[in-house]
Amino acid sequence: MSGPPFPGERPLSGSGTSAADLDATELTARELRDAALLQTPWLRSFLAVADQGGFGAATTVLSLSQSRVSAHIAALERALGVTLFDRKARPIRTTGAGERFRGYAVNALLELQRGVESARSTLDDVVAHVSIGSYPCVSSTYLPSVLRELTSHHPGITIELREGTASTLETMLASGTIDLAFLPMLPHMRGARLCHRTIWREDVVAVMREDAPLARRATVGISDLRNLPLIGMPGGGEEEGGGFDLRNTLGDAVKRADIAYLTDQPATLVALVRSAFGIGVINRLALQTATAEGLAVRTIDSPTARRDVALFWPRRRAGDAVVRAFLDAQERAQLPPCVSAVPGRPAPPAIPTVRGVSPELAAR
């Protein structure tokens with residue numbers, strides 16, 4: 001089992017017995033025979049459905065298909081011989097048996113996770129699995145250099161990559177689906193039990209056709225942009241962070257702005273700009289991943305036309321050897337050329353040096 005248990009540390013809804021309270025002889029009798037039938041993915045799916053109030057909502061936090069989650073619940077119910085959910089209720093809710101079992105399931109996963117963390121903290125040669133959350137422009141421009149540093153120093157580590165938007169990555173980080181995630185510092189993360197390390201700062205710029213009137217200027221102002229159709233990233237509603245860089249750059253002027261399109265893909269934004277559907281507002285790193293030849297890129301005269309990018313991880317995982325190893329690899333990796341180290345944090349050396357694992361754990 002990798003990652004912290006779902007749903008994490010919280011008050012238990014039922015009673016449970018910890019491993020320390022069990023007599024060793026009891027674990028060789030009926031309790032072990034029954035418990036051995038259960039699988040941790042079943043428990044994670046059960047807790048996700050119970051917490052989210054539905055099978056569909058649980059798929060997001062688990063990154064599993066709804067059919068897989070349903071199969072896990074059905075298998076768990078067969079093994080226990082009871083019905084765990086009242087499927088006729090809206091939203092779905094646990095039965096009496098399900099509510100009683102819920103606390104024991106949380107305790108079981110927490111005890112197992114404590115054992116995992118204890119074992120991980122004693123590793124000298126890191127041989128482990130790490131799941132990294134990233135979004136496409138970081139994955140294509142920066143993450144390979146971090147992974148190169150990681151695998152060169154710790155070849156025993158296996159790596160899993162999960163990509164998504166800031167919103168989905170935050171959900172996966174909170175649920176334990178991923179161990180660390182690259183995310184913009186804004187909009188603010190809602191999780192209070194996270195550590196972060198700010199890595200770089202990058203500009204948010206305007207991209208337009210070369211025949212656009214604004215292309216004659218070296219910089220463009222907020223008053224210029226609010227009167228034109230705008231294209232931003234990412235997609236989705238405002239409450240989900242849709243078009244955040246555009247909205248943050250415009251500030252109060254966004255109330256009068258014409259936001260024509262929002263998209264998750266830099267290539268789509270560039271294509272819409274090229275076809276004269278509007279002015280694109282995009283961070284420089286994302287723009288580097290699209291073919292923007294023949295278009296004009298201009299700085300925006302706004303104090304908020306920039307963003308900081310950070311690496312986040314759960315506070316409870318800060319002592320894990322594999323997390324420390326990844327943080328150290330990230331600190332050695334070269335930044336993309338279109339970004340700058342944040343003020344007060346030196347850029348990585350041109351030639352990586354071999355150092356011990358000593359990451360800066362900056363608490364959120």
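Notes on the structure in this doc start here.

What counts and what doesn't
- Residues numbered from 1 in each chain as written.
- Predicted model: local features only at pLDDT ≥ 70, side-chain atom pairs only at ≥ 80, totals over all residues.
- Heavy atoms only, no water.
- Helix = DSSP H or I, 4+ residues; strand = E, 2+ residues; numbered from the N terminus.
- Contact = heavy atoms within 4.5 Å.
- Core = buried A, V, L, I, M, F, W, Y, C linked by side-chain atoms within 4.5 Å.
- Buried < 20%, exposed > 50% of the residue type's maximum accessible area, 1.4 Å probe, protein only.
- Phe/Tyr/Trp six-rings, centres within 6.5 Å; stacked < 30°, edge-to-face > 60°.
- Expected span 1.5 Å × (residues − 1).

Observations regarding the environment of Met172
- Mapped onto the secondary structure, Met172 falls in helix 8 (residues 166–175).
- Separated by 111 residues in the primary sequence, Met172 and Val61 have C-alpha atoms spaced 5.6 Å apart.
- What Met172 contacts, discounting residues up to four positions off in sequence, is Ser63, Arg162, Glu163, Thr177 and Ile178.

As for the nonpolar core
- Within the largest apolar cluster, 56 residues are counted, with the highest numbers of intra-cluster contacts made by Tyr142, Leu180, Phe182, Trp200 and Phe326.
- Once you skip the residues sitting within four places of it in the chain, Phe326 turns out to touch Ile132, Leu143, Val146, Leu147, Leu150, Leu180, Phe182 and Leu311.
- Residues Ala50, Leu62, Ala105 and Leu109 belong to the second largest nonpolar core, which totals 23 residues.

Some remarks on the packing of aromatic side chains
- A full pass over the atoms with the stated rule returns seven aromatic pairs.
- Between Phe55 and Phe85, the ring centres sit 6.1 Å apart and the planes meet at 65°, which makes this aromatic pair edge-to-face. With a gap of 30 residues between them, Phe55 in helix 3 (residues 55–62) and Phe85 in strand 1 (residues 85–86) connect regions that are remote in the sequence. An identical accessibility class is assigned to Phe55 and Phe85; each is buried.
- With centroids separated by 5.8 Å and ring planes inclined at 85°, the aromatic side chains of Tyr261 and Phe277 adopt a geometry described as edge-to-face. Of this pair, Tyr261 sits in strand 9 (residues 258–262) while Phe277 sits in the loop between helix 11 (266–274) and strand 10 (279–283); the two residues are 16 residues apart in sequence, bridging distant segments of the chain.
- Assessed through its relative accessible area of 41%, Phe277 is described here as partly exposed.

Some details on helix 4 (residues 66–80)
- Its 15 residues place the ends of helix 4 21 Å apart at the C-alpha level, agreeing with the 21 Å of an ideal helix rising 1.5 Å per residue.
- Along helix 4, the residues that are buried comprise Val69, His72, Ile73, Ala75, Leu76 and Glu77.
- Two residues or fewer after helix 4 comes Gly81, characterised by a positive phi angle close to 80°.

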